[in-house]
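Fold and contact review
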Amino acid sequence: MPYVCRIVFLSLIALLPVAALAQAYPSKPVNLVVTVPAGGSIDAMARALATELTPALGQPVVVANRAGAGGNIAAEYVAKSAADGYTLMITSSSTLVLNPFVYKSIPFDPVKSFEPIVIPARLNMILVAHPKTNATSIRELVAMLKAQSGKASYGSSGNGTLPHLAGVLFNNETGTEATHIPYKGIAPAVNDLLAGQIEYMFDSATTVPHIRAGKVRALAVIGPNRLSSLPEVATFKELGMPGMEAAGGWYGIFAPAGTPRDIVQRLNQEVVRILRQPNIRERIAAMGLENATSTPEELAAALRDDLRRFAALVKQANVVPQ
């Protein structure tokens, strides 16, 4: 066999394991790791996708909640997992674009440790207040906060998360003070809001049913658009506070770095197909999220752009690394 032919033949042989892996994928259950506890909108999104992905992939897609440290625990676990497509992560953008600036160190690289797969939804947070505040508008909430001189409190899904940053921005924009109460996920924060333990919070939409039931009041949404599930609630821009749009975000699905390209493409295509189904679009809208899809490259670009944007934003918000 001529030398050049031998080189080509050996090169093709070297590629066979990767090709075989992609063709056989998946041959066992796939774990979808969630960065928050059960009950929040990220978790709800994960479970909706897992239900649809299971028949599409022909293997069970198992949702695993690994909450804590603003998503760092789950992200570290996935970053260190085998790059074979059997361990995936669904997270809000804050885990990857805020944590590098609000923690002194993180056990992963937001860009180098992961393979982007798809954006399944965009986050348009809602400012919700407990009825005990007597606030039915942003103006009334601001007046209450100024009158209480820092005695009121707001909750978030954890230090350095997007709901936390939104709270800091809101205080800066309105010249108010309030005590930040971090929780391990949005669901426990919502529980304390419903119980009146905190006065207000920025929610990723899990409060929509409680808003409709009159248990909490929606005062504004981050924007830039109104939510289809709450069309009567104005955006901050409409209320004269366009700077709040800086706290917008997205949800992303990632795999460990080095996951074969064919597997990433397969997962992207399956998730995008699912996200375009009318019943799934309705479920996402009902969660208070904005429907979205993306290519892996578009998610990678969103991650890089937000890292640049939030570097300045976190500094402006005076968030001290912990």
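Look a little higher up for the structure.
Attention in this report is confined to the structure presented alongside it. Every value quoted in this text rests on a predicted model; they were computed, and no experiment measured them. (Residues numbered from 1 in each chain as written. Predicted model: local features only at pLDDT ≥ 70, side-chain atom pairs only at ≥ 80, totals over all residues. Heavy atoms only, no water.)

**Observations concerning the nonpolar core**
Note the following rule: Put simply, a nonpolar core is a bunch of buried Ala, Val, Leu, Ile, Met, Phe, Trp, Tyr and Cys residues held in one set by side-chain atoms that sit within 4.5 Å of each other. Accessibility here uses a 1.4 Å probe with only protein chains present; expressed as a share of the type maximum, an area under 20% marks a residue as buried, one over 50% as exposed, and anything in between as partly exposed. Secondary structure elements are defined from DSSP: runs of H or I of at least 4 residues count as helices, runs of E of at least 2 residues count as strands, and each element is numbered from the N terminus. Note on definitions: a residue-residue contact is assigned when non-hydrogen atoms from the two residues lie within 4.5 Å.
Grouped together as the largest cluster of nonpolar side chains are 87 residues, with contacts concentrated most on Ile 90, Leu 127, Ile 138, Leu 141, Phe 170, Phe 202 and Phe 236. The dominant element in this core, judged by the number of residues it contributes, is helix H2 (residues 41-57), at eight residues. The contacts of Phe 202, once residues within four sequence positions are left out, are Met 125, Ile 126, Leu 127, Gly 155, Pro 163, Ala 166, Gly 167, Phe 170, Ile 186, Ile 222, Phe 236 and Met 244. Counting residues in hydrophobic clusters, the runner-up holds 18 residues, among them Ala 205, Val 208, Ile 211 and Val 216.

**Comments concerning helix H3 (residues 72-79)**
Given 3.6 residues per turn, any residue in an α-helix points the same way as the ones three and four places further on. What counts, and what does not: Working definition: the arc comes from the directions between the helix axis and the C-beta atoms, pointing outward to the latter.
Buried within H3 we find Asn 72, Ala 74, Ala 75 and Val 78. Down the axis of H3, the sector holding all buried residues measures 160°, keeping them to one side. Considering only its buried residues, H3 is in contact with strand E1 (30-34), strand E3 (87-92), helix H4 (93-97), helix H5 (99-102), strand E4 (114-123) and strand E10 (249-256).

**Overview of the layout of surface pockets**
Quick reminder of the rule: Each cavity reported here is a set of points on a 1 Å grid over the protein atoms alone in which a 1.4 Å probe fits but cannot get out, each pocket an open set with protein on both sides within 12 Å along at least five of seven lines, and each lining residue one with an atom within 4 Å of a point. Grid points are joined across faces, edges and corners, and a volume is the space filled by probe spheres set on the points. Each residue is assigned to one class: nonpolar for Ala, Val, Leu, Ile, Met, Phe, Trp, Tyr, Cys and Pro, charged for Asp, Glu, Lys and Arg, and polar for all the others, Gly among them.
Of the voids in this model, the largest pocket is the one considered here, and its volume is about 340 Å³. Taken together, 30 residues make up the lining of the largest pocket; nearest its centre are Val 36, Ser 157, Gly 158, Thr 161 and Gly 185. Those elements that place two or more of their residues in the lining of the largest pocket are H2, E3, H4 and helix H7 (162-174). When its residues are assigned to classes, the lining of the largest pocket shows 12 nonpolar, 17 polar and one charged.

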